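Each chain, letter by letter, is given below.
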Amino acid sequence: MSLAALFDGMTEVRAALTGDRRGHVLEATEAAAENAEQDAATVAMAVAELDGAAEALGLGALHALQVRSSTRATLTAVAPDAFLLVVVDPIRRTVELEKKLAVWAPGAAGAADDVELVAASELAVEALDLPPSGTSTTIRAVTGSGASPAPARDDPWAALRRSLVRAHLSEAVARLRAVVSAPPSAEERPGSEPLPAEELGAAMQRLLEGIGYVMAGDTMGGTRALRELAGPGQRNTSLRWVALYWISRAALNGSGLEAARAQVEEALALSRQLDVEARALSQLVAAELLTRAGKHDKALTWISEARSRFERVADAWGVAQAWLVEARIQAGTGKEAECLAAAQRAQRSDPSWDGPPIFLAGRALLRGELAGADALLAPVATPAAGRMRKLVEAVRQQAVRQEDAGEFLRLHHAAPTAQAIRALERIAEASPRFFQAREALAWMLVKLGKYGSARDLFTWLEGQPLDPEDRAGVQLGLSTVEAARAAAGNQAAPAGAPPDGQAPARLTDSVLLTQAGGGTGGSGDAVFSGRLSVFSLPDLVEFLRSARRTGQLVCSSPAGLGVMHFRQGWITGASSPGTPSACDLLVRAGTVAAEAVREILPEGARPGLAPCEALVRRGLADAATVQAALRQQIELTLRELVAWTDGEFAFNQEAATEPAATATAVQVDAQELLLTLFKEMDEASRGASSTGA
């Protein structure tokens, strides 16, 4: 029924419009047409937030909303996928109108509970532009009717969202397989809208690329990659919400507050259709947006709501994230006691996360308590904790002033503004041995899209006496800049020549991202490098597989050197310090005599494919048996390398020529190996938990 027909003869109605829960106008009367789009977006946001407040109070879903003052009155009926807003004469009775609304949305009928909320959600009230006094807001809700569903642990789409927002990219690929293989649901829920396999695969690859850009520090590149997925043309609500979430993150890490506001509002509206975790995460991002806007009290209210949702679904990761965001807000307002208490709550919520102890060590550093900072960092063995130790030691060695170190820590979470850049430049000039300031400045330039200037800084840093970990970070910066310049179509040379006549390293790709241009010819061209603590080996292997790369991945750690060979994304060979060679595996299995292997493989020679070929040629083993040993060697190598969380990696691109035909050549599906490994680790973890219980 049209709006004109629905309200025919009702003189108390001044204007009306209907919209979907995303804020898109479906229909509007002539009186509402001029501001229909803005009103629909505003009401959609307010309805989502007030709905969340009702849910937090255990009231169920929002079905009706009445806003009254001496000058304005509106009635809103809320259905699961749409709403109807009616502007009425504030001095007229609305009994008959409410009956009409009950026809449009049966949940708005009089059987609902009437609950009066005072500033239940400050942002919602602000969005509705309510007058400061003389206003009552009534929410009529029915418990259990359409509230946001709790996250179903066996819902493959919920599990996929969870992996993507946590940036567990290799796990996300495994979750995608579960989504594809899941039987079709009898009832299509928002967030599980089916997509053709080809379209889903392309969208997932785009998501992974965009998240990789944001993780690598290129917020503009991440936004470019994700923008299409975040638009209304994306039919799957889960994929669209994840894209909006990461674009919001990119905007907050960059300097686009207004852009972030629009994305956060849309993500909030979409999250209402998903589950409690999605809503909590969207609220957490909204709280960070409010903090950047200087509205700290409102931000703390939103963090409290988000944290209560995380607690409701026993999400320790989310609870800890919320507490640490609160700690940063309290630090920004000068409330040190509240700041420390919140950070300690974050640490207790998720003891395995290094974020809280690093934050607390930073606060100790600001107070001049260097020994206290060391004590807080002592039990933490992550690279991020190592960088904080370097900062503490730099202060101790007077390589940087304590005041400048504190400013440096604050700028790590600041927007890349001109003021922040000038502050980092000042610190770098005052402390020339403190290379971290120049590296942070280079990353800030990346966030602003000033790729040429960032490359100049990274290139200069590469020529300095850095330790291996810092050098890996600089090389990662160079590769990120090159990929961003290629993606943006900006192939111009950097503004300044490298210092001291140094030629910039040729790094033509970003970690985790497919190459923008064609492949490089020849072998030995370094495509990307970085730290295993930043990009885990499973993520690297998955991206090499999905991008169909050909080349050699070399990983170094205190345990030694590990190597994996790829051809068109397939693993064709691998070795690591603790893994026996294929020949050794054949000897251990009793298939081949050790003397025969020693005869083929002279002392000091490295085992590889050639000895395996020789075994087949001499009739000492059949091709299938040797291939099985080679596959076992690859699997054992991957098992060892997955456990390496500290160290460096470099991938060298090779020309994807056709391999020579051999009897023992193998091609192993990396994704299948990883899925098997993750499954075994999960089963082992559950078994250990059961034994402990």
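Calculation notes
Residues numbered from 1 in each chain as written. Predicted model: local features only at pLDDT ≥ 70, side-chain atom pairs only at ≥ 80, totals over all residues. Heavy atoms only, no water. Helix = DSSP H or I, 4+ residues; strand = E, 2+ residues; numbered from the N terminus. Buried < 20%, exposed > 50% of the residue type's maximum accessible area, 1.4 Å probe, protein only. Contact = heavy atoms within 4.5 Å. Areas by Shrake-Rupley, 256 points an atom, 1.4 Å probe, with all protein chains shown as cover. Pairing = 2+ DSSP bridges. Core = buried A, V, L, I, M, F, W, Y, C linked by side-chain atoms within 4.5 Å. Salt bridge = Lys/Arg side-chain N within 4 Å of Asp/Glu carboxyl O. Phe/Tyr/Trp six-rings, centres within 6.5 Å; stacked < 30°, edge-to-face > 60°. pLDDT = per-residue confidence, 0-100. Axes fitted to C-alpha atoms, helices over the stretch in contact; angles between N-to-C directions. Parallel < 35°, antiparallel > 145°, perpendicular 65-115°, else oblique. Left-handed = near helix turned anticlockwise from the far one by under 90°. Nonpolar A, V, L, I, M, F, W, Y, C, P; charged D, E, K, R; others polar.

Helices and strands together make up the secondary structure of the protein chain, namely 28 helices and 12 strands. Out of the 693 residues belonging to the protein chain, those deemed buried represent 51%. Across the protein chain, every contact between residues at least 6 apart in sequence was considered, and the portion connecting residues at least 24 apart equals 65%. For the protein chain, the accessible area works out to roughly 30,500 Å², and carbon and sulfur atoms hold 51% of it.

With that out of the way, let us pick up the pairing of strand 11 (residues 570-575). The pairing of strand 10 (residues 560-567) with strand 11 spans five bridges and is classified as antiparallel. What sits directly across from Met564, in strand 11, is Ala574. Counting the residues between successive antiparallel strands, the hairpin from strand 10 to strand 11 contains two residues, one of them, Gln568, with a positive phi of roughly 55°.

Even without glycine at this site, Ala167 takes up a positive phi of about 65°. Within the secondary structure, Ala167 sits in the loop between helix 5 (156-165) and helix 6 (169-181). On the basis of relative accessible area, Ala167 is assigned to the buried category, the value being 16%. Positioned with a positive phi, Gln398 is a non-glycine residue whose angle comes to about 60°.

In this section: the nonpolar core. Core analysis: the biggest nonpolar cluster contains 67 residues, and Leu160, Leu164, Leu207, Trp241 and Trp246 have the highest contact counts within it. Top element by residues in this core is helix 9 (residues 237-253). It accounts for 11 residues. What Leu160 contacts, discounting residues up to four positions off in sequence, is Ala172, Arg175, Leu176, Val179 and Met204. In terms of nonpolar packing, the next biggest core, distinct from the first, is built from 46 residues, Ala364, Met388, Val446 and Leu478 among them.

So, on to the pattern of salt bridges. Enumeration according to the criterion identifies 19 salt bridges in this entry. The partner of Arg401 in a salt bridge is Asp404, with the nearest N and O atoms 3.4 Å apart. Looking at Asp404, the relative accessible area reads 2%, which means it is buried. Close ionic contact of Glu429 with Arg438 constitutes a salt bridge, the shortest N to O distance being 3.7 Å. Salt bridges linked by common partners bring Glu336, Arg363, Arg367 and Glu369 together as one network.

Turning next to the packing of aromatic side chains. Under the definition given, this model contains four aromatic pairs. Between Tyr245 and Trp246 the ring centres are 5.7 Å apart and the planes differ by 90°, which places this aromatic pair in the edge-to-face class. This pair shows no difference in class: Tyr245 is buried, exactly as Trp246 is.

Of all eight residues in strand 1 (residues 13-20), seven are buried, a share of seventy percent or more. Both strand 1 and strand 5 (residues 82-88) contribute to a ladder of seven bridges, which runs antiparallel. Along strand 5, the bridge assignment pairs Thr18 with Leu84. In this structure, strand 1 lies alongside strand 2 (residues 25-28), joined through three bridges in antiparallel fashion. Its bridge partner being in strand 2, Gly19 is matched across the sheet by Val25. Hairpin connection, strand 1 to strand 2: the antiparallel pair is bridged by four residues, and Gly23 has positive phi, about 95°.

Below, the discussion takes up the environment of Trp317. The residue Trp317 is located in helix 13 (residues 316-332) in this model. Separated by 36 residues in sequence, Trp317 and Trp353 place their C-alpha atoms 8.4 Å apart. If near-sequence neighbours (up to four positions away) are discounted, Trp317 is found in contact with Arg166, Leu281 and Asp350.

Right, let's talk about the confidence of the model for the protein chain for a bit. Confidence in the prediction of the protein chain, expressed as mean pLDDT, is 75, and 77% of residues score 70 or more. Across the protein chain, helix 14 (residues 336-349) holds the top mean pLDDT of 92, while helix 4 (residues 122-127) sits lowest at 39. Below a pLDDT of 50 lies the segment residues 108-152, which in the model reaches 115 contacts outside its immediate sequence neighbourhood of four places, other chains included. Across residues 490-527 the pLDDT falls below 50, and counting only partners more than four positions away or on other chains, this stretch makes 92 contacts in the model.

With that settled, the discussion passes to the side chain of Gln436. For Gln436, the location among the structural elements is in helix 20 (residues 435-447). Residue class for Gln436 comes out buried when judged on its relative accessible area of 15%. Residues within four places of Gln436 in sequence aside, it is in contact with Arg387, Lys390, Leu391 and Phe408.

Another point: the packing of helix 5 against helix 9. Running from amino to carboxyl end, helix 5 crosses helix 9 at an angle of 15°, the nearest separation of the two axes being 10 Å. When the interaxial angle is binned, helix 5 and helix 9 end up roughly parallel. Between helix 5 and helix 9 the crossing geometry is right-handed. On the side of helix 5, the interface is formed by Trp157, Arg161, Leu164 and Val165, while helix 9 contributes Ser238, Leu239, Trp241, Val242, Tyr245 and Trp246. Looking at the contact of helix 5 with helix 9 residue by residue, the classes come out as eight nonpolar, one polar and one charged.

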